[in-house]
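Each chain, written out:
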Amino acid sequence: MAERDRLQLVIIIGSVRKGRFGPVVADWLASRAGRRHDFDVDIIDLATAWLPDVMSADRDALRPRAVQDLAPWLGAADAFVVVTPEYNQSFPAALKNAIDWYDEEWHAKPVAFVSYGGASSGLTAVAQLRQVFADVHAVTVRETVSFHNYWSSFGADGLPLAREECDEAACKMFDRLGWWARALRRARAEEPYRLPG
């Protein structure tokens, strides 16, 4: 595949808590994406992005430096994978904050999810994130990867214990994400995405 045809994939670590498990999942996921010929991969860790949690009511106000610094990384992305835990039947506040700081960076781009949690595997958080991303004009893909009782799902080497099953699920998710990323990139090139009104 020609360099210009490769897709820029951004993996977002949605948890900022101390002792979080997100980086383990993101590193495994990035290693799987790195095996493919169609993705260039970046990881954005919200714990080090330092996005402020207070926004101005003035839509024309200058965005804080941390928000400005992250914007080009999101804007250049062709596709996203959000790695999220489930906290109290929902997703982390830091993740909602990050979504809300941006607008056009999400438009007409595909988003996939990798979740982890207890009995629900984080899928309640994913269901809610689908609604949020729809409202910022992103397209969520159906295929997901989820980890039930994540604390017992990974070995000391940082790899899932059910390696083949997890690799297969990730491959299916990446295949679908790549399809949407190519289709939407072509569509945006042919006709810029504009909001109604």
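See the structure shown above.
Draft legend 1. Broad picture of the overall build of the protein. The secondary structure content of the protein amounts to six helices and five strands. When its helices and strands are written in sequence order, the protein yields β-α-β-α-α-β-α-β-α-β-α. Rg of the C-alpha trace for the protein: 16 Å, near the compact-globule value of 16 Å for 197 residues, within the 12% margin. Each principal axis of the C-alpha distribution contributes one length, and for the protein these read about 50 × 40 × 25 Å. Evaluated residue by residue, the protein yields a buried proportion of 45% over its 197 residues. Put simply, 81% of the contacts in the protein that link residues at least 6 apart link residues at least 24 apart. For the protein, the computed accessible surface area is about 10,500 Å², with 50% contributed by carbon and sulfur atoms. Positive and negative side-chain charges in the protein, numbering 23 and 27 respectively, have mean positions lying 2 Å apart.

Draft legend 2. Spotlight on the packing of aromatic side chains. Using the criterion set out here, one finds 12 aromatic pairs in the structure. Joined through ring pairs, the aromatic side chains of Phe21, Trp28, Tyr116, Phe147, Tyr150, Trp151 and Phe154 make up one cluster. In this structure, Arg17 packs its charged tip against the face of Tyr87, placed 3.6 Å from the ring centre.

Draft legend 3. Region of interest: the sheet that holds strand S4 (residues 110–117). Strand order across the open sheet formed by five strands is S2-S1-S3-S4-S5, with parallel pairing between neighbours. The open sheet terminates on both sides in strands that have one partner only, identified here as strand S2 (39–45) and strand S5 (139–148). Across the sheet, the mean angle from the axis of one strand to that of its neighbour is 20°, orientation sign disregarded. On the sheet, helix H3 (residues 65–76) packs against strand S1 (7–13), S2 and strand S3 (79–85) and is oriented at approximately 150° with respect to S2.

Draft legend 4. Just the pairing of S2, in detail. Across seven bridges, the pairing between S1 and S2 is parallel. Bridging from a neighbouring strand, Ile12 pairs with Ile44 of S2. Viewed along the sheet, the connection from S1 through helix H1 (residues 22–34) into S2 turns out right-handed.

Draft legend 5. Inspection of the layout of surface pockets at higher detail. Estimated volume of the largest pocket: approximately 610 Å³. Taken together, 20 residues make up the lining of the largest pocket; nearest its centre are Arg59, Arg63, Asp100, Trp101 and Asp103. Of all the secondary-structure elements, those providing two or more residues to the lining of the largest pocket are helix H4 (93–101) and helix H5 (123–135). The element contributing the most residues to the lining of the largest pocket is H4, with four residues.

Draft legend 6. View of the packing of H4 against H5. Where H4 contacts H5, the axes come no closer than 11 Å and their chain directions differ by 15°. One finds that H4 runs roughly parallel with respect to H5. Helix-helix and strand crossings are classified by hand; for H4 and H5 the assignment is right-handed. Every residue of H5 that contacts H4 at Leu95, Lys96 and Ile99 is listed here: Leu129, Val132 and Phe133. Of the residues in the contact of H4 with H5, the class split is five nonpolar, no polar and one charged.

Draft legend 7. Highlighting the pairing of S1. With six of its seven residues buried, S1 lies for the most part within the structure. Note that S1 and S3 share five bridges and pair parallel. Along S3, the bridge assignment pairs Ile13 with Val83.

What counts, and where the lines are drawn
- Residues numbered from 1 in each chain as written.
- Predicted model: local features only at pLDDT ≥ 70, side-chain atom pairs only at ≥ 80, totals over all residues.
- Heavy atoms only, no water.
- Helix = DSSP H or I, 4+ residues; strand = E, 2+ residues; numbered from the N terminus.
- Rg over C-alpha atoms; globule rule 2.2 N^0.38 Å.
- Buried < 20%, exposed > 50% of the residue type's maximum accessible area, 1.4 Å probe, protein only.
- Contact = heavy atoms within 4.5 Å.
- Areas by Shrake-Rupley, 256 points an atom, 1.4 Å probe, with all protein chains shown as cover.
- Lys, Arg positive; Asp, Glu negative; His and termini not counted.
- Charge placed at Lys NZ, Arg CZ, Asp CG, Glu CD.
- Phe/Tyr/Trp six-rings, centres within 6.5 Å; stacked < 30°, edge-to-face > 60°.
- Lys NZ or Arg CZ within 6 Å of the ring centre and 35° of its normal.
- Pairing = 2+ DSSP bridges.
- Axes fitted to C-alpha atoms, helices over the stretch in contact; angles between N-to-C directions.
- Right-handed = clockwise from strand over helix to strand, strands pointing away.
- 1 Å grid on protein atoms, 1.4 Å probe; cavity = no way out; pocket = protein on both sides within 12 Å on 5 of 7 lines; lining within 4 Å.
- Points joined across faces, edges and corners; volume = space filled by probe spheres on them.
- Parallel < 35°, antiparallel > 145°, perpendicular 65-115°, else oblique.
- Left-handed = near helix turned anticlockwise from the far one by under 90°.
- Nonpolar A, V, L, I, M, F, W, Y, C, P; charged D, E, K, R; others polar.

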